[in-house]
Amino acid sequence: MTEPIHPLSYDRVEFRDAAAAVLIDYPARKHDLSAAWDRHVELINETAETRASGNYKKAKKLENKLLDSTEFKTVMLVLQMPLQWENGEYAQITYAEALPLIKKVDPRLFSGEPVRVILDPKISGGFRPIVSFGPLQRANQLACRTVLECRYNPSSYEYNRTGRGRFFAINEIAKVLEKEGYNYVAIADIKDAYGSVMREAIRKSNLLPESMVLNACFIPENTKIICADELFKIAVQNGLPQGSMVSGFILQKFLEPIFKKLGFVNIWCYGDDILIVAKTKEEAFDKLGALESSMMNLPTGPLTLKTKQVYEIGEPMNYLGFWFGRMKDGSIRILPSNEGYRRTYIKVARKLILCDPSKWDILIHEHFCNWAWPQKVWPGRLGGAFNAAAGFESFVLPKLYQAKILLKQNGKSFSDFESYRNHACAVAEDCVPDSVIVSDWKSTLQGNCMWWNKVA
């Protein structure tokens, strides 16, 4: 079996499972699809190795060969093809039915698919415009991301890539804090990071060919945009769209020269969230100042830091949902932050309020297990999941039940589902306290916790 030499944002198992779910004739096509996977990996490896050797002219030809191959197009589309919904049930399709769309996969060309902008309520207030793309445009975005992963090795600052997610970043930070004795961290995030990265800046950066930048990385001109708010409609057309499979990767690459120029040894970036370590408070503020100055003087236009804060290790803080404490022996302990718990509570509350209360018990069970278990950097995560669920049921669930009753009574007053959904999410957020302090509720509340009784 052929394996990619660069980590990709998908793998063989994911492709196989997607094909089995979507294609009704998957058993008969299993061998052909496996061969398509191997061939697409061979083309990716050949392209990456040629570029790494410095033969860019040949690499460009191989890149176009990759994008033109039916095997590559098949993998891209199958991974992004949604199940069809007919008469209240999911319906599979045949490979022959999918083939016309497979042939259209090409990030260098305009897909013609309309997009829908969903206004997602922010925890801090206001709305975040999330763009929902069709399967063909998502396949084109995945193709762009795959080409980028072939072209560039991950930098030491980059964590928005397969195998280098936020938990990896948190673990790396803890190791550096413990090994090198840093006492402070400086945290910043970029104001409207995605919206500030304009298509003209990316087009001039030569990250990708211009045709791919204009047709797959941004919302192409002449695309039909379905959005309830005209201002958000304009905003998503100008900057990197949130909801795209390639936006996070491009943002990281756009910021990379800034970090290189600063020359800081230990700096982490996940999306628009940045953390820098320092030995003293003065050093931390100096590094923040240098970062802000660099971002304000970019030749492609200024970026603004929305928040700039310095914390001593052990002081309550939040970076990617965690904080760092120093034990008596000097070791670093990683735990979910208050904001990390609160964001999780709000996500659960938003999910519950939009479904039938009879399903809440099992959804709480699933969500808190799914939230805690992957967080291997958090010692005692399973016990933490129990405690978090118990706190949710004690302090949020009673208010959520009452909110659901009122929402049901007023549901007919909303003209469309998007308006109803936005209002429901805002109501759900109001049910969560501003400060969520999760302690060991296991012993005191397990008798009243329906979730605990189900899993204990």
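What counts as what
Residue numbers restart at each chain and count upward from 1, following the sequence in its written direction. Where local features are concerned, this predicted model is filtered to residues with pLDDT of at least 70; where side-chain atom pairs are given and counted, the filter is 80 or more; whole-chain, interface and lining totals use all residues. Think of the side-chain values as coming from all heavy atoms in the structure, minus any hydrogens and water. Starting at the N terminus, helices and strands are each numbered in turn, a helix being any DSSP run of H or I of at least four residues and a strand any DSSP run of E of at least two. For the exposure calls, accessible area comes from a 1.4 Å probe over protein chains only, and a residue counts as buried if that area is under 20% of its type's maximum, exposed if over 50%, partly exposed in between. Throughout, a residue-residue contact means that at least one pair of heavy atoms, one from each residue, lies within 4.5 Å. All accessible areas in this document rest on Shrake-Rupley with a 1.4 Å probe, and a residue is counted as covered only by the protein chains that are shown. Here the aromatic set is Phe, Tyr and Trp, taking the six-membered ring for Trp, and pairing holds for ring centres within 6.5 Å; pairs whose planes are under 30 degrees apart are stacked, those over 60 apart are edge-to-face, and all others are tilted. We call a charge positioned over a ring when the NZ of a Lys or the CZ of an Arg lies within 6 Å of the ring centre and within 35 degrees of the ring normal. Expected span of a helix, by definition, is 1.5 Å for each gap between consecutive residues, and there is one gap fewer than residues. Bend, in this description, refers to the angle at a residue between axes fitted to the seven residues ending there and the seven starting there. Any two strands are treated as partners once DSSP identifies two or more bridges connecting them. Axis geometry follows a simple rule: fit a line to the C-alpha atoms, using only the stretch in contact for helices, then measure angles between N-to-C directions, giving values from 0 to 180 degrees. The scheme is simple: roughly parallel for angles under 35 degrees, roughly antiparallel for over 145, roughly perpendicular for 65 to 115, oblique for anything else. Crossing handedness is read from the near helix: turned anticlockwise from the far helix by less than a right angle, it gives a left-handed crossing, and turned clockwise, a right-handed one. We define a nonpolar core as any set of buried Ala, Val, Leu, Ile, Met, Phe, Trp, Tyr and Cys residues linked to one another through side-chain atoms lying within 4.5 Å. Any carboxyl oxygen of Asp or Glu within 4 Å of a side-chain nitrogen of Lys or Arg constitutes a salt bridge here.

Here we come to the overall build of the chain. Scanning the chain for helices and strands turns up 20 helices and 11 strands. Buried positions account for 50% of the 456 residues belonging to the chain. Taking the intrachain contacts of the chain between residues at least 6 apart in sequence as the baseline, contacts between residues at least 24 apart amount to 71%. In the structure as shown, the chain presents an accessible area of about 22,200 Å², 52% of it carried by carbon and sulfur atoms.

In this section: the packing of aromatic side chains. Considering all chains together, one arrives at six aromatic pairs under this definition. Residue placement shows lysine 279 over the ring face of tyrosine 182; its charged tip is 5.2 Å from the ring centre.

This paragraph deals with the environment of phenylalanine 324. Note that phenylalanine 324 resides in strand 10 (residues 322-326). Residue classification places phenylalanine 324 among the buried positions, given a relative accessible area of 0%. In this structure, the C-alpha to C-alpha distance between phenylalanine 324 and tyrosine 311, residues 13 residues apart in sequence, is 10.0 Å. If we ignore the near neighbours within four places in the chain, the residues touching phenylalanine 324 are Ile170, Ile173, Ala174, Leu177, Leu275, Ile313, Gly314, Met317, Ile332, Arg333 and Ile334.

Moving on to helix 12 (residues 247-262). Here helix 12 spans 24 Å end to end across 16 residues, near enough to the 22 Å set by a 1.5 Å rise per residue. Of all the bends in helix 12, the largest measures some 30 degrees and sits at leucine 255, one to four residues before the proline proline 257. Extensive coverage of helix 12 is indicated by the burial of 13 of its 16 residues. In the stretch just after helix 12, glycine 263 is the one whose phi turns positive, near 75 degrees.

Another point: the sheet that holds strand 8 (residues 273-278). Taken in spatial order, the four strands line up as 7-8-5-9 in an open sheet, and their pairing is antiparallel. In the strand order of this sheet, the two ends are held by strand 7 (267-270) and strand 9 (305-312), each with one partner. Pairwise comparison of adjacent strand axes, ignoring direction, gives a mean angle of 15 degrees for this sheet. Helix-sheet contacts for helix 7 (residues 166-180) involve strand 5 (184-190), strand 7 and strand 8, and the interaxial angle to strand 7 is about 165 degrees. Against the sheet, helix 13 (residues 281-296) makes contact with strand 5, strand 8 and strand 9, and its axis sits at roughly 165 degrees relative to strand 9, the strand it touches most.

What follows deals with the environment of alanine 390. With respect to the helices, strands and loops of the structure, alanine 390 is situated in helix 16 (residues 381-395). Residue class for alanine 390 comes out buried when judged on its relative accessible area of 5%. Put simply, alanine 390 and isoleucine 364 are 26 residues apart on the chain and 9.9 Å apart in space, counted from C-alpha to C-alpha.

Attention shifts here to the packing of helix 2 (residues 26-52) against helix 6 (residues 135-151). At a closest axis distance of 8 Å, the pairing of helix 2 and helix 6 adopts a crossing angle of 40 degrees. The angle between the axes of helix 2 and helix 6 places the two elements in the oblique class. Every residue of helix 6 that contacts helix 2 at Ile44, Ala48 and Arg51 is listed here: Thr146, Cys150 and Arg151.

This brings us to the packing of helix 14 (residues 338-353) against helix 15 (residues 360-372). If you want to describe how two helices pack, look at the angle between their axes and the distance between the axes. Look at helix 14 against helix 15: their axes get within 11 Å of each other, and the N-to-C directions meet at 150 degrees. Crossing hand, helix 14 versus helix 15: right-handed. Residues Tyr341, Thr344, Tyr345, Val348, Lys351, Leu352 and Ile353 of helix 14 form the contact with helix 15, whose participating residues are Trp360, Leu363, Ile364, His367, Phe368 and Trp371.

Turning to the side chain of glutamate 63, a few remarks are in order. Following the sequence through the fold, glutamate 63 ends up in helix 3 (residues 56-68). Owing to a relative accessible area of 3%, glutamate 63 belongs among the buried residues under this scheme. Excluding residues within four positions of it along the chain, glutamate 63 makes contact with Thr47, Arg51, Val147, Arg151 and Pro209.

By size, the foremost hydrophobic cluster in this structure holds 76 residues, and its most contacted members are Tyr10, Leu23, Met76, Leu255, Ile274, Leu291 and Met295. Setting aside residues no more than four positions away along its own chain, leucine 23 makes contact with Leu33, Gln92, Ile93, Thr94, Tyr95 and Ala98. Ala349, Ile353, Ile364 and Phe368 belong to the second largest nonpolar core, which has 29 residues in total.

Turning our attention to the pattern of salt bridges. Per the stated rule, a full pass over the model turns up 18 salt bridges. Residues aspartate 38 and arginine 12 are paired through a salt bridge, measuring 2.7 Å at the closest nitrogen-oxygen approach. Of this pair, aspartate 38 sits in helix 2 while arginine 12 sits in helix 1 (residues 12-22), and the two are 26 residues apart along the sequence. Neither residue differs from the other here; aspartate 38 and arginine 12 are each classed as buried. With a closest N to O distance of 3.1 Å, glutamate 256 and lysine 253 form a salt bridge.

This paragraph deals with the side chain of threonine 146. Here threonine 146 shows up in helix 6. Among all residues touching threonine 146, those that are not within four sequence positions of it are Leu8, Tyr10, Ile44, Phe72 and Met76.

Turning our eyes to something else, we now look at unusual backbone geometry. Trans peptide bonds make up most of the peptide bonds, and negative phi angles are found at most residues other than glycine. Positive phi, close to 75 degrees, is recorded for asparagine 222, a residue that is not glycine. Examined against the element boundaries, asparagine 222 turns out to sit in the loop between helix 10 (210-217) and strand 6 (225-226). Of note in this structure, leucine 320 is not a glycine but carries a positive phi near 55 degrees. In this fold, leucine 320 is placed in the loop between strand 9 and strand 10. Look at leucine 320 and you get buried, because its relative accessible area is 11%.

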